Amino acid sequence: KMRKVNKIVIHCTATKEGQNVSPATIKQWHLNRGFSDIGYHYVIGIEGKINAGRAVSRAGAHVKNGNSDSIGISYVGGLDSNGKAKDTRTDAQKTSLIKILKVLKNIYPQASIHGHRDYSPDKDGDGVEKHEFMKQCPCYNAEEEYLDLQPKSFKPKTKKVKDKLNGKKQSN
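Cut-offs applied
Residues numbered from 1 in each chain as written. Predicted model: local features only at pLDDT ≥ 70, side-chain atom pairs only at ≥ 80, totals over all residues. Heavy atoms only, no water. Salt bridge = Lys/Arg side-chain N within 4 Å of Asp/Glu carboxyl O. Helix = DSSP H or I, 4+ residues; strand = E, 2+ residues; numbered from the N terminus. Buried < 20%, exposed > 50% of the residue type's maximum accessible area, 1.4 Å probe, protein only. Core = buried A, V, L, I, M, F, W, Y, C linked by side-chain atoms within 4.5 Å. Contact = heavy atoms within 4.5 Å. Pairing = 2+ DSSP bridges. Axes fitted to C-alpha atoms, helices over the stretch in contact; angles between N-to-C directions. Phe/Tyr/Trp six-rings, centres within 6.5 Å; stacked < 30°, edge-to-face > 60°. Lys NZ or Arg CZ within 6 Å of the ring centre and 35° of its normal.

Thoughts on the pattern of salt bridges
The full count for this structure, using the stated rule, is eight salt bridges. When the shortest N-O distance is used, the salt bridge between D37 and R58 registers 3.2 Å. Of this pair, D37 sits in the loop between α1 (23-32) and β3 (42-44) while R58 is found in the loop between β4 (50-52) and β5 (70-75), placing the two residues 21 residues apart along the sequence. The buried category is assigned to D37, whose relative accessible area is 12%. One salt bridge connects R89 with E145, and the closest N-O pair in it is separated by 2.9 Å. Remark: E145 occurs in helix α3 (residues 142-145) and R89 occurs in the loop between β6 (78-79) and α2 (91-107); sequence separation between them is 56 residues. A residue is classified by how much of its surface remains accessible, and E145, at 36% relative accessible area, is partly exposed. Among the charged side chains, a salt-bridge network with shared partners connects K27, D37 and R58.

Structure follows, in structure tokens:
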């Protein structure tokens, strides 16, 4: 029986730009945190290699209260040389993210795509915004970037994409 997958959540490894990290290393970090395995289902290396992580048939360990019906994909990076949040995706990573998302969307057409930070609590009820982010991961707006891959039933979590779909003018 196939696990129900309603969401695909994008992450970064929160490692410095240009520093490649293997799935084996990430798995060790996750085991050290008490996980049973690597938390992500896929890891995209800086050269664009799509690495399999945890089996897709098993729930991941990547987003609080959202693991049972999601697939977690992480790109390697997300921090600048000073350890500050930054979208460090290489062109190869961007291409591979779209490639794996298209494959997964063929298998799970109803799945919506979100960034990890989009799961931050929406304190004022108008969609998650910058000042509400509990973390920056994955350091870009995944809902917006993959808008053309979202299902018809797409319910955005971010204010920016909610406003865009409702035809409102962008404030920032």
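Observations concerning the nonpolar core
For soluble globular proteins, the rule of thumb is that nonpolar side chains tend to be buried together. I10, I73 and Y146 are the most contacted members of the largest nonpolar core, which has 23 residues in total. Elements with a minimum of two residues in this core: β1 (7-12), β3, β5 and α2. Here the element with the most residues in this core is α2; it accounts for four residues. Setting aside chain neighbours within four positions, we find I10 in contact with I73, L97, L101, I113, H114, G115, H116, C137, P138, Y140, A142 and Y146. Judged by nonpolar contacts, the second largest core, of six residues, contains I38, Y40, V43 and V76.

Observations concerning the sheet that holds β3
Overall, mixed pairing links the five strands, which are arranged β4-β3-β5-β1-β7 in an open sheet. Lying at the two open borders of the sheet, with one neighbouring strand each, are β4 and β7 (112-115). Averaged over all pairs of adjacent strands, the angle between their axes in this sheet comes to 25°, without regard to strand direction. Pairing of β3 with β5 involves three bridges; the strand directions are parallel. Each bridged residue has a counterpart across the sheet, and for I44 the counterpart in β5 is Y75.

Side note on unusual backbone geometry
Cis geometry is found at the peptide bond from C137 to P138, where omega equals 10°. Relative to the helices and strands, P138 is located in the loop between β7 and α3. Look at A14: it is not a glycine, yet its phi comes out positive at around 55°. Along the chain, the position of A14 falls in the loop between β1 and β2 (15-16). In this structure A14 comes out as partly exposed when scored by relative accessible area, which is 45%. Its identity as a non-glycine residue notwithstanding, N65 has a phi of 60°, on the positive side.

Describing the pairing of β7
Alternating residues of β7 divide into S112 and H114 and I113 and G115, and every residue in both groups is buried. Sheet analysis places β1 next to β7, joined by four bridges and oriented parallel. Considered in β7, the bridge of I10 is made with G115.

Concerning the packing of aromatic side chains
Enumeration according to the criterion identifies two aromatic pairs in this entry. A centroid spacing of 6.3 Å and a plane angle of 50° characterise the contact between Y75 and Y140, whose relative ring orientation is tilted. On the criterion of sequence distance, the pair formed by Y75 in strand β5 and Y140 in the loop between β7 and α3 is long-range, its members being 65 residues apart. Each member of the pair, Y75 together with Y140, is buried. A ring pair is formed by Y140 and Y146, whose centres lie 6.1 Å apart and whose planes are at 85°; its orientation type is edge-to-face. With respect to burial, Y140 and Y146 carry one shared label: buried. Through successive ring pairs, a cluster of aromatic residues spans Y75, Y140 and Y146. We note R89 situated over the ring of Y140; from NZ or CZ to the ring centre the distance is 3.4 Å.

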